[in-house]
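One-letter residues, chain by chain:
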Amino acid sequence: MTPPLDPSSPSTPPLLEIANLSVAFSQGRHLPIRDLSLALKAGEVAGLVGESGSGKSLTAFSLMGLLPHGAKIRGGKISFEGLNLLALDPQKRRSLCGSAMGMIFQEPLSALNPVITIGEQVAEIFRYKAGKTRQEAKELSLSLLSQVGLPNPKAAFKSYPHRFSGGMRQRVVIAMALALNPALVVADEPTTALDPTIALQIINLLRDLTAARNSGVLFITHNLRILEGFARKVFVMYAGLILEETERGLKSPVHPYTQGLVRALPPNPSERSGRALIPIPGGAPGPSDDLPGCPFAPRCPEREERCALSLPPLKTLREGLKVRCFRRETC
Ligand SMILES: Nc1ncnc2c1ncn2[C@@H]1O[C@H](COP(=O)(O)OP(=O)(O)O)[C@@H](O)[C@H]1O
Ligand code: SF4
Ligand SMILES: [Mg+2]
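Cut-offs used in this document
Residues numbered from 1 in each chain as written. Chains lettered and ligands numbered in written order. Predicted model: local features only at pLDDT ≥ 70, side-chain atom pairs only at ≥ 80, totals over all residues. Helix = DSSP H or I, 4+ residues; strand = E, 2+ residues; numbered from the N terminus. Rg over C-alpha atoms; globule rule 2.2 N^0.38 Å. Buried ≥ 20, exposed ≤ 12 C-beta atoms within 10 Å, placed from the backbone. Contact = placed C-beta atoms within 7 Å. Near = placed C-beta within 6 Å. Nonpolar A, V, L, I, M, F, W, Y, C, P; charged D, E, K, R; others polar. Pairing = 2+ DSSP bridges. Axes fitted to C-alpha atoms, helices over the stretch in contact; angles between N-to-C directions. Core = buried A, V, L, I, M, F, W, Y, C linked by C-beta atoms within 7 Å. Parallel < 35°, antiparallel > 145°, perpendicular 65-115°, else oblique. Left-handed = near helix turned anticlockwise from the far one by under 90°.

Novice: How should I be thinking about the overall build of the chain in this particular structure?
Specialist: Broken down by element type, the chain carries ten helices and twelve strands. In summary, the chain has a C-alpha radius of gyration of 21 Å against a globular reference of 20 Å for 331 residues, a match within 12%. Taken along its principal axes, the extent of the C-alpha atoms in the chain is 70 × 50 × 45 Å. The 331 residues of the chain split such that 39% are buried. Considering only contacts within the chain whose residues lie at least 6 apart along the sequence, 63% involve residues at least 24 apart.

Novice: Explanation requested: the site of ligand 1 in the structure shown.
Specialist: The full set close to ligand 1 counts 13 residues, and P32, K56, S57, L58 and P68 are the nearest of them. Its residues placed into classes, the shell around ligand 1 shows five nonpolar, seven polar and one charged.

Novice: Would you mind showing me how to read the sheet that holds strand β7 (residues 184-188) here?
Specialist: Paired through backbone hydrogen bonds, the strands of a sheet run either parallel or antiparallel to each other. Strand order in the open sheet made by the eight strands is β6-β7-β8-β3-β9-β10-β12-β11, with mixed pairing throughout. The open sheet has two edge strands with one neighbour each: β6 (101-104) and β11 (315-318). Averaged over all neighbouring strand pairs, the angle between strand axes comes to 20°, with direction disregarded. Where β7 lies against strand β8 (residues 216-221), five bridges are found, and the strand directions are parallel. Within the sheet, the bridge partner assigned to L184 lies in β8 and is G216. Sheet strands touched by helix α1 (residues 56-64): β3 (45-49), β6, β7, β8 and β9 (233-238). Its angle to β7, the strand with the most contacts, is close to 150°.

Novice: Sorry if this is basic, but what is going on with unusual backbone geometry here?
Specialist: Peptide bonds are trans in most cases, and residues, glycine excluded, mostly fall at negative phi. With a phi close to 50°, E81 is a non-glycine residue in the positive phi region. Looking at the secondary structure, you find E81 in the loop between β4 (71-80) and β5 (83-84). Judged by C-beta crowding, with 16 C-beta atoms within 10 Å, E81 ranks as partly exposed. Phi at E189 is positive, roughly 50°, even though this residue is not glycine. Its place among the elements puts E189 in the loop between β7 and α8 (196-213).

Novice: So what exactly am I meant to see when it comes to the nonpolar core here?
Specialist: The nonpolar side chains of a soluble globular protein tend to be buried with one another. Counting residues in each nonpolar core, the largest one holds 80 residues, and the members touching the most others are V122, I174, A175, V186 and V236. Discounting chain neighbours no more than four positions away, the residues touching V122 are S141, L144, L145, A175, M176 and A179.

Novice: Quick question: what am I supposed to make of the sheet that holds strand β2 (residues 33-41) here?
Specialist: A sheet is described by the order of its strands in space; here four strands give the open sequence β2-β1-β4-β5, paired in antiparallel fashion. Each of the sheet's edge strands pairs with one partner strand only, and the pair in question is β2 and β5.

Novice: Before we go on, may I ask you to explain the packing of helix α7 (residues 166-178) against α8 in this structure?
Specialist: Direction vectors running N to C along α7 and α8 enclose 15°, while the axes themselves pass 11 Å from each other. Relative to α8, α7 is oriented roughly parallel. With respect to the hand of their crossing, α7 and α8 are arranged in right-handed fashion. From α7, G167, Q170, R171, I174 and L178 reach across to α8, where they touch I198, Q201, I202, L205, L206, L209 and R213. Here the contact of α7 with α8 is composed, by residue class, of seven nonpolar, three polar and two charged.

None of the figures reported here should be taken as evidence of function without further support.
Written out as structure tokens, the structure is:
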């Protein structure tokens with residue numbers, strides 16, 4: 001058997017590579033995603049963070065081929081396992097979703113059919129995507145429901161989604177996304193609807209199951225705390241742009257926006273500093289705000305005159321660190 005590739009090795013080719021992606025809605029000039037580049041190796045976990053409306057879900061939908069009506073890819077390239085997804089036959093692309101690429105949505109109810117039992121929904125994946133017999137599919141489903149921590153898989157198999165709590169439903173959705181051992185898992189705010197204790201259990205489950213499968217994970221969240229101990233590679237998104245890309249987690253943020261996000265975090269229960277929580281003033285720009293310069297300028301404590309005039313480039317400051325800010329051009 002070939003050993004899994006080491007994601008930390010520079011020679012490991014990317015599993016997923018998004019290059020200079022731009023997305024637009026047909027009704028306007030505004031680009032909710034601008035020139036976004038992001039790469040992920042097999043077995044690597046990356047976080048995509050940013051406030052609501054920054055373009056995180058549209059990024060996920062672009063790569064899964066699930067963009068909402070009216071949204072169009074205006075430029076760029078998305079390659080997955082060497083395949084150019086944007087040039088792929090639509091049927092082939094659809095068949096990748098749910099097999100080599102699994103997606104976990106924010107609200108598990110939207111991913112589950114309320115009138116079909118959980119067992120049938122999971123078994124269907126094995127039957128129709130992996131060609132298993134009814135009996136094989138049932139056995140594989142029961143084993144998977146047990147792996148995701150459902151206390152009574154046989155009873156769960158026969159139940160309908162409404163009988164389950166939000167946390168249990170999210171476990172079922174994780175089971176469905178991981179059923180065929182996808183090379184890539186995209187999780188879009190999978191714990192937002194859950195209380196913090198259950199959210200932590202779900203994160204740990206996802207981390208363990210994807211590590212066991214050597215799946216690459218793109219974990220999308222507005223909550224930086226969730227990424228601690230999970231993703232060292234983090235892309236920080238704002239107004240459709242990547243402002244910071246780091247391979248060292250968010251312990252030492254560099255961009256003024258990332259620094260603001262970290263200062264706005266409530267202290268960790270293990271922290272004894274009693275430090276004050278400092279929110280970022282103002283709000284993120286909306287589609288009608290036509291800002292020619294740095295999109296963070298209206299809220300930035302370090303802005304200068306030039307910041308509002310032109311967009312700073314995303315610069316490599318050192319290996320594993322890229323930042324888009326005029327005042328962080330050296331480190
Ligand atoms: N269906 C849609 N029609 C028009 N604008 C949309 C639609 N979906 C998202 N947008 C806009 O695109 C931007 C990014 O949205 P989204 O990717 O959902 O943000 P996030 O997931 O980071 O909260 C937002 O400004 C949002 O208003
Ligand atoms: S470019 Fe200017 S406004 Fe933007 S983050 Fe840097 S200092 Fe702040
Ligand atoms: Mg979203």
